[in-house]
Amino acid sequence: MTALVLIEIENGRVRQASRSAIAAASRFGEVDALLLGEAGAEVAARLSGIRKVLHVPALKHALAEPAAALLAGLAGSYSHILSAASSTGKNILPRLAGLLDAQPISDVVTIQDESTFVRPIYAGNALATVQSSDSVRIMTIRSSSFDPVAEDGGSASVEVLDAPANEGKSSFVKLDQSQSDRPELEVARVVISGGKGLKDASNFHTLLEPVADKLGAAIGASRAAVDSGFAPNEMQVGQTGKVVAPELYIATGLSGAIQHLAGMKDSRVIVAINLDPEAPIFKVADYGMVGDLFEILPALAKAL
Ligand code: FAD
């Protein structure tokens, strides 16, 4: 069996989530990587555990329509096609599955054998074991469940492929991407999140950032905080946001609604700071501080 992994490059490096998908794919046998866009073929070729990099420089913006058409053309050579459960993967692989009349399997957390996979359902409250009888198994991988392969150590060959003809169904307009020196939320070792209790956007900067700076942490937010304009959408953690499983998750001024827990309850150590001792976040917290975050966070930054 040979698996194909759609990989993503960010800031000149293969994203950690893609490297986790490669680690997952290696359970099936040999692994090839598919890279869309001009840059990164040499970086991808150095990845550990890759046999071959298929590079498609002409597909610059990973639009779902041409990318899925390309993958459908390659599918006959592969037993499994994977990607990270990222925006790109979630955009392209379901369309590919539609083209192949296959059932995509999303957010895989465990691979039992080549056709049996475990994935969360009901906002992470249950785990479903699913079996696929498709000839090509298509799946997105939850990165927190698989240790990424190393960025170096490999020497894969690179094969350049042409892009399929553009059917004109979609075109790239522009990319709005926020720049941050902080670690990526989904793979950060430490995450500190704020909720509605932060009261406004400026408090995200003045209260969360000093603690995050000291801990080298990524900053997350509850949906209520995002909906209130305290934090940008890409910082949302939860069922309809990002799924994180850091070594340390500090939840401040957020109640711990079930949809938020779906995105962070697998964190190794959870610390909650909340005024309300009955807040549901304390049910999953390893350490709880009942108190006012406006006093605790500055004291914590100072102590650190
Ligand atoms: P609140 O529930 O208002 O909690 C604020 C907390 O701050 C309270 O517990 C309060 O005691 C505390 N607080 C207030 N002041 C202070 C202070 N000074 N010091 C300390 N603590 C203080 N939510 C997500 O987060 N992520 C998701 O992905 C998500 N997806 C959803 C999908 C669906 C389909 C639906 C229906 C909902 C979803 N939600 C999601 C929303 C979720 O149900 C909650 O509404 C939301 O998580 C609440 O955010 P919050 O905890 O910040 O706000």
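Only a predicted model underlies this, so the values are computations on that prediction, with no experimental measurement involved.

Turning our eyes to something else, we now look at the side chain of Thr252. As for its placement among the helices and strands, Thr252 is situated in strand 15 (residues 248-252). Judged by relative accessible area, which is 0%, Thr252 ranks as buried. The contact partners of Thr252, leaving out residues within four places of it in the chain, are Ile192, Ser193, Gly194, Gly195, Leu198, Leu208, Ile273, Leu293 and Leu297.

The phi angle at Ala62 is positive, at roughly 50°, despite the residue not being glycine. What makes Ala62 partly exposed here is its relative accessible area of 22%. Even without glycine at this site, Asp101 takes up a positive phi of about 55°. Structurally, the position occupied by Asp101 is in the loop between helix 4 (87-100) and strand 7 (105-108). Classification of Asp101 as exposed rests on a relative accessible area of 68%.

To continue, consider the sheet that holds strand 14 (residues 218-221). Hydrogen bonds along the backbone pair up the strands of a sheet, which may run parallel or antiparallel. With respect to topology, five strands assemble into an open sheet ordered 14-13-15-16-17, the strand pairing being parallel. The open sheet is flanked by strand 14 and strand 17 (287-290), the only strands paired with a single partner. Sheet twist, expressed as the average angle between the axes of neighbouring strands with direction ignored, equals 15°. Sheet topology places strand 16 (residues 269-274) next to strand 17; four bridges connect them, and they run parallel. Pairing of Ile273 across the sheet is with Met289, part of strand 17. Relative to strand 16, helix 9 (residues 293-303) is tilted by about 130°, and along the sheet it contacts strand 13 (190-194), strand 15, strand 16 and strand 17.

Quick look at the packing of helix 3 (residues 64-74) against helix 4 now. In the contact formed by helix 3 and helix 4, the axes pass within 8 Å of each other and the chain directions differ by 50°. Taken together, helix 3 and helix 4 sit at an angle that is classed as oblique. When you trace helix 3 past helix 4, the crossing you get is right-handed. For the pair helix 3 and helix 4, contact is made by Ala64, Glu65, Ala67, Ala68, Ala69, Leu71 and Ala72 and by Asn91, Ile92, Leu93, Arg95, Leu96, Leu99 and Leu100, respectively. Taken together, the residues of the contact of helix 3 with helix 4 break down into 11 nonpolar, one polar and two charged.

Our next topic: the pattern of salt bridges. Scanning all chains against the criterion turns up 16 salt bridges. A salt bridge links Asp152 to Arg46, with the shortest nitrogen-to-oxygen separation between them at 3.3 Å. In this pair, Asp152 sits in the loop between strand 11 (137-141) and strand 12 (157-160) while Arg46 sits in the loop between helix 2 (41-45) and strand 5 (52-56), placing the two residues 106 residues apart along the sequence. On the basis of relative accessible area, Arg46 is assigned to the partly exposed category, the value being 41%. One salt bridge connects Glu167 with Lys169, and the closest N-O pair in it is separated by 3.3 Å. Assessed through its relative accessible area of 60%, Lys169 is described here as exposed.

Relative to the helices and strands, Val5 is located in strand 1 (residues 2-7). Sequence separation between Val5 and Gly89 is 84 residues; the distance between their C-alpha atoms is 10.0 Å. Those residues within four positions of Val5 in sequence are excluded, and the remaining contacts are Ser18, Ala21, Ile22, Ala25, Val31, Asp32, Ala33, Leu34 and Leu82.

With that out of the way, let us pick up the packing of helix 5 (residues 201-215) against helix 9. Packed helix pairs are characterised by how far apart their axes lie and by the angle those axes make with each other. Viewed as axis vectors pointing N to C, helix 5 and helix 9 meet at an angle of 35°, and their least axial separation amounts to 9 Å. Helix-helix and strand crossings are classified by hand; for helix 5 and helix 9 the assignment is left-handed. Between helix 5, through Asn203, Leu207, Leu208, Pro210, Val211 and Lys214, and helix 9, the contact on the second element is made entirely by Leu293, Phe294, Leu297, Pro298, Leu300 and Ala301. Here the contact of helix 5 with helix 9 is composed, by residue class, of 10 nonpolar, one polar and one charged.

Neighbouring the ligand are 26 residues; Ser222, Thr240, Ser255, Gln259 and Asn274 lie closest to it. Residue Val237 places a main-chain N or O atom 2.8 Å away from a nitrogen atom belonging to the ligand. Within the backbone of Gly253, one N or O atom sits 3.0 Å away from an oxygen atom of the ligand. Alone, the ligand offers 990 Å² of accessible surface; in the complex the protein occludes 73% of this. A class-by-class count of the residues in the shell around the ligand yields seven nonpolar, 14 polar and five charged.

Thresholds applied
Residues numbered from 1 in each chain as written. Predicted model: local features only at pLDDT ≥ 70, side-chain atom pairs only at ≥ 80, totals over all residues. Heavy atoms only, no water. Helix = DSSP H or I, 4+ residues; strand = E, 2+ residues; numbered from the N terminus. Buried < 20%, exposed > 50% of the residue type's maximum accessible area, 1.4 Å probe, protein only. Contact = heavy atoms within 4.5 Å. Pairing = 2+ DSSP bridges. Axes fitted to C-alpha atoms, helices over the stretch in contact; angles between N-to-C directions. Parallel < 35°, antiparallel > 145°, perpendicular 65-115°, else oblique. Left-handed = near helix turned anticlockwise from the far one by under 90°. Nonpolar A, V, L, I, M, F, W, Y, C, P; charged D, E, K, R; others polar. Salt bridge = Lys/Arg side-chain N within 4 Å of Asp/Glu carboxyl O. Near = heavy atom within 4 Å. Polar contact = N/O pair within 3.5 Å; in protein donor to acceptor, adjacent residues only side chain to side chain. Areas by Shrake-Rupley, 256 points an atom, 1.4 Å probe, with all protein chains shown as cover.

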